[in-house]
Amino acid sequence: MKLEKENAVDRAEEAEQAAREANVRAEKAEDEIRSLQKMIQSLENSLDRVQGDLQQASTLLEEKDTAHGEFFHVVGDQE
């Protein structure tokens, strides 16, 4: 009976240690998740900025292309 009790106590201690180790791993994983979420947010913000810059550049290019075409159309009419 005493041996059974000692074995049960040993198993309980092992289970408690395993639970503590699992909690440490879970905390590390949660920290990594938070870090990755911050990185994702930063990348999304950068993407939004770059897409805005691209849209502005595309609009400017279209305006320049239109002006270029109109210029050559006028020059061509004068010849």
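Higher on the page you've got the structure.
Residues numbered from 1 in each chain as written. Predicted model: local features only at pLDDT ≥ 70, side-chain atom pairs only at ≥ 80, totals over all residues. Heavy atoms only, no water.

**Things to note about the overall build of the protein**
Reasoning step 1: Secondary structure summary: the protein contains one helix and zero strands in total.
Reasoning step 2: Its C-alpha atoms give the protein a radius of gyration of 34 Å, clearly above 12 Å, the size a compact globule of 79 residues would have.
Reasoning step 3: Once the C-alpha set of the protein is aligned to its principal axes, its extents read approximately 115 × 15 × 10 Å.
Reasoning step 4: Burial analysis of the protein (79 residues in total) assigns 0% to the buried set.
Reasoning step 5: If you sum the accessible surface of the protein, you get close to 7,500 Å²; carbon and sulfur atoms cover 56% of it.
Reasoning step 6: Computing the positive centroid from 10 side-chain charges and the negative centroid from 20, the protein places the two 17 Å apart. (Helix = DSSP H or I, 4+ residues; strand = E, 2+ residues; numbered from the N terminus. Rg over C-alpha atoms; globule rule 2.2 N^0.38 Å. Buried < 20%, exposed > 50% of the residue type's maximum accessible area, 1.4 Å probe, protein only. Areas by Shrake-Rupley, 256 points an atom, 1.4 Å probe, with all protein chains shown as cover. Lys, Arg positive; Asp, Glu negative; His and termini not counted. Charge placed at Lys NZ, Arg CZ, Asp CG, Glu CD.)

**What to know about a nonpolar patch on the surface**
Reasoning step 1: Taken together, the side chains of Leu36, Met39 and Leu43 make up a nonpolar region of the molecular surface, amounting to roughly 300 Å² of accessible area.
Reasoning step 2: The residue Met39 is located in helix 1 (residues 2-78) in this model. (Patch = residues over 30% accessible without salt bridge, like charges linked within 9 Å, V, L, I, M, F, W, Y side chains within 5 Å. Salt bridge = Lys/Arg side-chain N within 4 Å of Asp/Glu carboxyl O.)

**Digging into the environment of Glu13**
Reasoning step 1: Note on placement: Glu13 falls in helix 1.
Reasoning step 2: Spatially, the C-alpha atoms of Glu13 and Ala57 are 65 Å apart, while their sequence positions differ by 44 residues.

**Description of the pattern of salt bridges**
Reasoning step 1: Per the counting criterion, the structure on display carries one salt bridge.
Reasoning step 2: A salt bridge links Asp31 to Arg34; the shortest N-O distance between them is 2.3 Å. Taken as a pair, Asp31 and Arg34 lie in helix 1 at a separation of three residues, close to a single helical turn.
Reasoning step 3: Using a relative accessible area of 42% as the deciding quantity, one classes Asp31 as partly exposed.

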